[in-house]
Amino acid sequence: MTLCLDTVRLLQARVQSERGVPLHRMKRSVTVQPQSEVFMRDASEWSTGLCHCCRDCKDCCRSFCCFPCLSCQTANRHGACLCLPLLDMCGFIHPIAMTLRATTRERYSIRGSFCVDCLLSTCCCPCVYCQVHRELQHRQLPSMLGDIVQRK
């Protein structure tokens, strides 16, 4: 510690002598700690609206006729357990749909809030799964390490 202070004083004296400033007039230097920079991606919107199921008739029919199949495929594509959405069938509140929508929103920096995710997944769970499914298709980014390995 003393060695560092002595080194700093010697450097200050050298700088002052080069500038012609007397040592007693030198003010203390202010050091500023480096701040970490936070880079935020621009918030975007969903690629399709909540009720735009008819743009993809195949998924719309699959959601209407065989909702568990679409929800399980969406969860798998998202990187969650294949059978996890089957837990949503047990109650009025759909925590899996809410979580999938919220994590998709966070992953792609989509505007929204957790309250809206909760409300939409409770009131219109099939539409939420369809929207997340369409968003994952639209973004076409690998969600798991296994997807990355298979593409190479």
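Before reading on, note that the structure itself is shown above.
For the structure given in this document, a descriptive report is provided here.

Non-glycine residue serine 109 carries a positive phi angle of around 55°. Along the polypeptide, serine 109 turns up in the loop between α4 (95–107) and α5 (114–123).

Attention shifts here to the state of the cysteines. Applying the stated criterion across every chain yields a total of one disulfide. The disulfide partner of cysteine 66 is cysteine 69, and the S-S distance across this bridge is 2.5 Å. Assessed through its relative accessible area of 42%, cysteine 69 is described here as partly exposed.

Throughout the structure, instances matching the rule amount to five salt bridges. Arginine 111 is the partner of glutamate 45 in a salt bridge, and the nearest nitrogen-oxygen pair spans 2.5 Å. Here arginine 111 lies in the loop between α4 and α5 and glutamate 45 lies in the loop between α1 (2–19) and α2 (57–65), a separation of 66 residues in the sequence. Between arginine 105 and aspartate 117 there is a salt bridge, with the nearest N and O atoms lying 2.8 Å from each other. Residue arginine 105 is located in helix α4, and its partner aspartate 117 is located in helix α5; the two are separated by twelve residues in the primary sequence. For the pair arginine 105 and aspartate 117, a shared accessibility class is recorded, and that class is buried. Several salt bridges converge on common partners, so that one network encompasses Arg101, Arg105, Glu106 and Asp117.

Conventions and cut-offs
Residues numbered from 1 in each chain as written. Predicted model: local features only at pLDDT ≥ 70, side-chain atom pairs only at ≥ 80, totals over all residues. Heavy atoms only, no water. Helix = DSSP H or I, 4+ residues; strand = E, 2+ residues; numbered from the N terminus. Disulfide = S-S within 2.5 Å. Buried < 20%, exposed > 50% of the residue type's maximum accessible area, 1.4 Å probe, protein only. Salt bridge = Lys/Arg side-chain N within 4 Å of Asp/Glu carboxyl O.

The values reported here are purely geometric and, on their own, carry no functional implication.
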